[in-house]
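# Commentary on secondary and tertiary structure
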Amino acid sequence: MSINATLIGELIAFIVFVWFCMKFVWPPLNDAIEARQKKIIDGLAASDRAAKDLELAQEKATAQLKEAKAEAAGIVDAAKKREAKIVEEAAEKAEAEKAKIIAAGYAEIENERNQVKEELRKQVAVLAIAGAERILERSIDAAEHSDILDKLVAEL
Amino acid sequence: MAEEVTLSGHIQHHLTNAKMCSTDSGLAFNKACSDSGFWTWHIDTLAWSIGLGLLFLWIFRRAANKATIGVPGKFQCFIEMIIDFVGDNVNKTFQGKSTLIAPLALTIFVWVFLMNLMDLIPVDFLPAFAGFVGETAFGMDSHDVYMKIVPTTDINLTAALAVGVFLLMVGYSIKIKGLSGFIKELTLHPFSTDNKLAMVFLIPCNLLLETIALIAKPFSLALRLFGNLYAGELIFILIGAVGLMQLPLHFVWAVFHILVIVLQAFVFMMLTIVYLSMASSDNH
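This structure is a prediction, so every number in the text was calculated from the model and none was measured.

Tallying secondary structure elements over chain A gives 2 helices and 0 strands in all. For chain A, the C-alpha radius of gyration of 60 Å lies well beyond 15 Å, the compact-globule estimate for 156 residues. Dimensions of chain A along its principal axes, counting C-alpha atoms only, are 190 × 25 × 20 Å. Taken over 156 residues, chain A has a buried fraction of 12%.

We now examine the nonpolar core. Within the largest apolar cluster, 66 residues are counted, with the highest numbers of intra-cluster contacts made by B:F60, B:V86 and B:L106. Secondary structure elements with two or more residues in this core: α1 (6-136) of chain A together with α2 (43-66), α3 (74-93), α4 (101-117), α6 (155-187), α7 (196-239) and α8 (246-279) of chain B. Beyond its immediate chain neighbours, meaning those up to four positions away, B:L106 contacts A:C21, A:V25, A:W26, B:F56, B:F60, B:I82, B:I83, B:V86 and B:W111. B:I11, B:V123, B:F236 and B:A254 belong to the second-largest nonpolar core, a separate cluster that totals 8 residues.

Attention now moves to α3(B). Between its first and last C-alpha atoms α3(B) spans 29 Å; for 20 residues at 1.5 Å apiece the expected length is 28 Å, and the two agree. Within the span of α3(B), buried status applies to B:Q76, B:I79, B:E80, B:I82, B:I83, B:V86, B:G87, B:N89, B:V90 and B:T93.

With that settled, consider the pattern of salt bridges. Residues and elements named next belong to chain A. The full count for this structure, using the stated rule, is 6 salt bridges over all chains. Put simply, E118 and R121 hold a salt bridge, and the shortest N to O gap is 3.3 Å. Pair noted here: E118 and R121 are both in helix α1, with a separation of 3 residues, about one helical turn. We classify R121 as partly exposed; its relative accessible area is 28%.

With 50 residues of chain B at the contact, the number on the chain A side is 29 residues. Both faces considered, chain B and chain A share a buried interface measuring about 3500 Å² in area, 78% of it formed by carbon and sulfur atoms. It is B:L57, B:I69 and B:N156 in chain B that bury the most area against chain A; as a group they hold 17% of the surface buried on that side. The interface formed by chain B and chain A includes 1 salt bridge. Across the pair B:E80 and A:R36 runs a salt bridge whose closest N-O atoms are separated by 2.8 Å.

Under the local residue numbering, the UniProt record ascribes the feature "transmembrane region" (unreviewed entry) to residues 39-60, 100-118, 155-176, 222-244 and 251-276 of chain B. Here residues 222-244 of chain B runs as 78% helix and 0% strand, with 35 Å between its end C-alpha atoms.

Moving on: the sheet that holds strand β1 (residues 19-23) of chain B. Residues and elements named next belong to chain B. Read across the open sheet, the 3 strands follow the order β2-β1-β3; overall the sheet is antiparallel. Edge positions in the sheet fall to β2 (26-29) and β3 (40-42), since each has one partner strand and no second. Averaged over all pairs of adjacent strands, the angle between their axes in this sheet comes to 30°, without regard to strand direction. Two elements, β1 and β3, share 3 bridges in a ladder whose sense is antiparallel.

Let us now look at the pairing of β1(B). Residue and element names in this part refer to chain B. Note that β1 and β2 share 4 bridges and pair antiparallel. Looking at β2, one finds that M20 is bridged to F29. If you look at the hairpin formed by β1 and β2, you'll find 2 residues sitting between the two strands.

The subject of this paragraph is the UniProt feature "transmembrane region" (unreviewed entry) in chain A. As recorded in UniProt, the feature "transmembrane region" (unreviewed entry) lies at residues 7-26 of chain A. The annotated region residues 7-26 of chain A carries 100% helix and 0% strand content, and the separation between its end C-alpha atoms amounts to 26 Å.

Residues and elements named next belong to chain B. It is at 8 Å that the axes of α6 and α7 come closest, and there the two elements cross at 155°. Here α6 lies roughly antiparallel to α7, going by the angle between them. Where α6 crosses over α7, the handedness of that crossing is right-handed. For the contact of α6 with α7, a count of residues per class yields 19 nonpolar, 4 polar and 3 charged.

About the thresholds
- Residues numbered from 1 in each chain as written.
- Chains lettered and ligands numbered in written order.
- Predicted model: local features only at pLDDT ≥ 70, side-chain atom pairs only at ≥ 80, totals over all residues.
- Heavy atoms only, no water.
- Helix = DSSP H or I, 4+ residues; strand = E, 2+ residues; numbered from the N terminus.
- Rg over C-alpha atoms; globule rule 2.2 N^0.38 Å.
- Buried < 20%, exposed > 50% of the residue type's maximum accessible area, 1.4 Å probe, protein only.
- Core = buried A, V, L, I, M, F, W, Y, C linked by side-chain atoms within 4.5 Å.
- Contact = heavy atoms within 4.5 Å.
- Expected span 1.5 Å × (residues − 1).
- Salt bridge = Lys/Arg side-chain N within 4 Å of Asp/Glu carboxyl O.
- Buried area = accessible area lost by both parts, 1.4 Å probe.
- UniProt positions renumbered as here; feature names shortened; annotations may be inferred.
- Pairing = 2+ DSSP bridges.
- Axes fitted to C-alpha atoms, helices over the stretch in contact; angles between N-to-C directions.
- Parallel < 35°, antiparallel > 145°, perpendicular 65-115°, else oblique.
- Left-handed = near helix turned anticlockwise from the far one by under 90°.
- Nonpolar A, V, L, I, M, F, W, Y, C, P; charged D, E, K, R; others polar.

Have a look at this one:
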């Protein structure tokens, strides 16, 4: 029970244990704990950031979707308007074309009728002259009676 | 009467360390060392304490080798719990930075705890086993084989820890405050005056008071741990001597002792941190 050399032995053992603990036990364990704490802190921060990013992205996506819908609606509207316009224009053009064609037809018909009329007139003149020759039984001096003939032709 | 002698002899036997000393005729043991004075070694205390210290270092070194930053295993979790507990107490109590305080506190806490834990092994088991081995293997009288398995019931061990802490206290004081600062702390407090003549009388008083306060710290450290464990061990031995009734008594005392052994280890650690914190802070 008295103090003796054991104290010295234990003191040396104590110093050696503390030294060993300080060199080879405490630092690696403490470093591991602190490194893990840092990792966890970083991880939590990252997950917070990711959640925020996700929220932002969702908001952005919603906004873009809305915008795209509005744009699409605008495009459809414009297309409908344009379609109506094209149809209207086409109808107008067709109407004009129709009128033109009809007018051209009338003109041609008129032209042909005039030609036919002229021909008929000429033939009628020839027939009239022939008829008159037969009636008079003599040849009519064409030069002498040309005034009469012309009058006749004009009357036809 | 005869039984009483046997009982006190039994108790005495339990409370005696195995001794070793060198005499003129070589190494001597136990009773041959009764007058060897200071140069006696308590080989049971040394063996158990160093063995338990190595066990502590081996367990923790193993954990340190396998320590991972990722998901820790259960063993690593357990070790880290202790590290965290000790580190927390050190950070809360010790002002300033030191790479020594935390490992010191950890060593004291776990080592003292392991040594105290030996108290929970039934008191007769290992001494009886040692006696058996001594009798059969070495031809000794089993009453001459001593085996005190709780190193903290040996004042030499608790004193060694306290001396170690005391040396650190003095070392930190001198390191932080300088030798003159340390001497000033011992001589110029708690009484001080501007009167130079009065100071001449006050300085010896201060020195006496402060030295007693300083010395009292390692003494209280050593004696508190020793006293608690010695008393606990003594009661275990007494309980072990009362026959069949010892079973419930032993259980109750052992349960109570579970608290005591952890508490004493914790108190030793905390007081070490507090004393070193006081030694390394300037605000006296």
